[in-house]
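# Notes for the structure review
Each chain, letter by letter, is given below.
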Amino acid sequence: MNNKLNKEILDTMSKDLSNWQGPIYFNRKDYRLVVPKRYPAFGWTFNFANPYVYIILIAFALIMISLKYLIK
């Protein structure tokens, strides 16, 4: 039951417009890295309040840059 309640709270947070700055989701209380967009049919987005998101984005960028030079 606690798990279901927790999921409902998290879903409510991701639908709250005050947690969105344009297309960017930013909520320090939400621990998830990836959250559904305001309109779930449009997919998922990162929670930019979570510091691990920046590590993932930097790692992805470094991989893409290194692949560019390795494939040459």
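Along the chain, the position of Asp 30 falls in the loop between strand E2 (24-25) and strand E3 (34-36). Polar contacts involving the side chain of Asp 30 include one to the side chain of Arg 32, which spans 2.9 Å. What Asp 30 contacts, discounting residues up to four positions off in sequence, is Leu 10, Met 13, Tyr 25, Val 35 and Asn 47.

This brings us to the nonpolar core. Grouped together as the largest cluster of nonpolar side chains are five residues: Leu 10, Met 13, Trp 20, Tyr 25 and Val 35. With residues up to four places along the chain from it excluded, the contact list for Tyr 25 reads Met 13, Ser 14, Asn 19, Trp 20, Asp 30, Val 35, Thr 45, Phe 46, Asn 47, Phe 48 and Ala 49.

The next subject is the environment of Leu 10. Following the sequence through the fold, Leu 10 ends up in helix H1 (residues 2-15). Expressed as a C-alpha distance, the spacing of Leu 10 and Val 35, which sit 25 residues apart in the sequence, is 9.0 Å.

This part takes up a nonpolar patch on the surface. Together, Phe 60, Ile 63, Met 64, Leu 67, Leu 70 and Ile 71 line one region of the surface with nonpolar side chains, adding up to about 650 Å² of accessible area. With respect to the helices and strands, Ile 71 occurs in helix H2 (residues 51-71). Residue Ile 71 is classed as exposed on the basis of its relative accessible area of 67%.

Attention shifts here to the pattern of salt bridges. Tallied over the full model, the rule gives three salt bridges. For Asp 11, the salt bridge identified is with Lys 7, shortest N-O distance 3.1 Å. Here the residue Asp 11 and the residue Lys 7 both occupy positions in helix H1, the gap between them amounting to four residues, near one helical turn. Owing to a relative accessible area of 23%, Asp 11 belongs among the partly exposed residues under this scheme. Residue Lys 7 is classed as exposed on the basis of its relative accessible area of 52%. For Arg 32, the salt bridge is made with Asp 30, and the minimal N-O distance between the two is 2.9 Å. Assessed through its relative accessible area of 16%, Arg 32 is described here as buried.

Criteria and cut-off values
Residues numbered from 1 in each chain as written. Predicted model: local features only at pLDDT ≥ 70, side-chain atom pairs only at ≥ 80, totals over all residues. Heavy atoms only, no water. Helix = DSSP H or I, 4+ residues; strand = E, 2+ residues; numbered from the N terminus. Polar contact = N/O pair within 3.5 Å; in protein donor to acceptor, adjacent residues only side chain to side chain. Contact = heavy atoms within 4.5 Å. Core = buried A, V, L, I, M, F, W, Y, C linked by side-chain atoms within 4.5 Å. Buried < 20%, exposed > 50% of the residue type's maximum accessible area, 1.4 Å probe, protein only. Patch = residues over 30% accessible without salt bridge, like charges linked within 9 Å, V, L, I, M, F, W, Y side chains within 5 Å. Areas by Shrake-Rupley, 256 points an atom, 1.4 Å probe, with all protein chains shown as cover. Salt bridge = Lys/Arg side-chain N within 4 Å of Asp/Glu carboxyl O.

The analysis is restricted to geometry; functional conclusions fall outside its scope.
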